[in-house]
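Architecture at a glance
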Amino acid sequence: MRFLVASNVLLKQLSAINGVVASNPILPILENILVELEGNQLTLTASDLQTVMTTTLEVEGSENGSIALPAKLLLETLRSLPDQPVTLSADQATFGSEISTSNGRFKLSGENPIDFPKIPEVTKNQSIDVSALVLGEAIANTLLAVSNDDMRPAMTGVLIQMNPEHTNFVATDGHRLVRYRRTDIQTEQSSSLILPKKALALLKATLPSDDSQVKVEFSASNAFFNFQSIQLICRIIDERFPEYENAIPKQNENIITINRLELLSSVKRISIYSNKTTHQIRLKVTGNKLSVSAEDLDYSNEANEALTCEYKGTDMEIGFNAKLISELLSNLGSKFVDIKLSEPNKAGLIIPSDQDDNEDILLLVMPVMLNSYN
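Residues numbered from 1 in each chain as written. Predicted model: local features only at pLDDT ≥ 70, side-chain atom pairs only at ≥ 80, totals over all residues. Heavy atoms only, no water.

Side chains of Glu137, Asp354, Asp356 and Asp357 sit close together on the surface and give a patch of like negative charge. Locating aspartate 356 in the fold gives a position in the loop between β25 (348–352) and β26 (359–365). On the basis of relative accessible area, aspartate 356 is assigned to the partly exposed category, the value being 49%. (Patch = residues over 30% accessible without salt bridge, like charges linked within 9 Å, V, L, I, M, F, W, Y side chains within 5 Å. Areas by Shrake-Rupley, 256 points an atom, 1.4 Å probe, with all protein chains shown as cover. Salt bridge = Lys/Arg side-chain N within 4 Å of Asp/Glu carboxyl O. Lys, Arg positive; Asp, Glu negative; His and termini not counted. Charge placed at Lys NZ, Arg CZ, Asp CG, Glu CD. Helix = DSSP H or I, 4+ residues; strand = E, 2+ residues; numbered from the N terminus. Buried < 20%, exposed > 50% of the residue type's maximum accessible area, 1.4 Å probe, protein only.)

Next up, the structure:
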């Protein structure tokens, strides 16, 4: 195998898929990138058995072939080079390879490409086309609420519910929940699936930042995403997602409307004085005044701030985890938010006051029990 390509072009494509490569993979072969040349088309593939990413690029090829090359060594070599034409050649018998530049040679040993896992084939049950911007927004809005608890595998991914009216993207870790709804993503048949966090994070990092279309296909066990020269394939999490709708309070007669950044800044300041284990803060609303307070009884620390807000409802006091509230507020872009409350022991809802016509964002955060109510 032998081909000529600009070093920066090859580096860009390798960097796009390198996130798949695990630091301590189950199989040693997975530390490698599969490099395949046919004519002038070079295909690069990375896999961790659960997620596969491939990318193709045009090169000046002279000898067809394939080889598995160590990802880390290959990337570090290309990063260290100035932008220039490089020639990569590989011996199909010994799996030895060499990168040649105008003034140097770099030899690295590869492995048999036959040992690299086979790429799943597309046996689609359903397919849709989605804007890259819309898909990126859906992933960005839900990833923060995905659980890291491997004991609850269904919650380690994002639930995607598709139907003729809209599509829901849902994530929860048991303490908070995000439901991101798009009315401009519709399917003829209703279906749902759970996609893993790592694959979605990689997808978000590589999606184009324009309104180009992403072709999404689903089979019984895998999801396929195609855009530009990249394909991402991930295994669907075969578990039952919690009945999250039951956790969303329906009667929320107490509504706080407040500037998002003002509340976020206050929560961050007050949380400095909260208990370092519970991160508990107290929200007390009376009239058009919202009091944000915290105390750490172990060290006799406490803090309190008063913010102006619009409020409809009865006077109320409720406790929340400051870290969860901060992360949810930080992930939004609206100027104002509505905080909808029912009772101190029931979940609170955070709704952005201004949203796009085709989106509906709902954030849920569970309360924490206060030691006392003043």
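There is more to say, and it comes next.
In the UniProt entry, the feature "domain: DNA polymerase III beta sliding clamp central" (unreviewed entry) is given for residues 134–243. Between the end C-alpha atoms of residues 134–243 the distance is 25 Å, and the span holds 17% helix and 39% strand. (UniProt positions renumbered as here; feature names shortened; annotations may be inferred.)

Following the criterion strictly, the structure yields twelve salt bridges and no others. Aspartate 360 is paired through a salt bridge with arginine 179; the nearest N and O atoms lie 3.3 Å apart. Highlighted residues: aspartate 360 in strand β26 and arginine 179 in strand β13 (residues 176–182), separated in sequence by 181 residues. If you follow the salt bridges from partner to partner, you end up with Asp173, Arg176 and Glu327 in one network.

The subject of this paragraph is the UniProt feature "domain: DNA polymerase III beta sliding clamp N-terminal" (unreviewed entry) in the protein chain. This chain's UniProt record puts "domain: DNA polymerase III beta sliding clamp N-terminal" (unreviewed entry) on residues 1–120. The span residues 1–120 is 18% helix and 44% strand, and its two end C-alpha atoms sit 25 Å from each other.

Another aspect to go through is the packing of helix α5 (residues 260–271) against helix α6 (residues 322–330). Where α5 meets α6, the axes come as close as 10 Å, and the angle between the chain directions of the two elements is 150°. Comparing the axis directions of α5 and α6 gives the class roughly antiparallel. In the packing of α5 onto α6, the handedness of the crossing is left-handed. On α6, the residues touching Arg260, Leu263, Leu264, Val267, Lys268 and Ser271 of α5 are Ala322, Ile325, Ser326, Leu329 and Ser330. (Axes fitted to C-alpha atoms, helices over the stretch in contact; angles between N-to-C directions. Parallel < 35°, antiparallel > 145°, perpendicular 65-115°, else oblique. Left-handed = near helix turned anticlockwise from the far one by under 90°. Contact = heavy atoms within 4.5 Å.)

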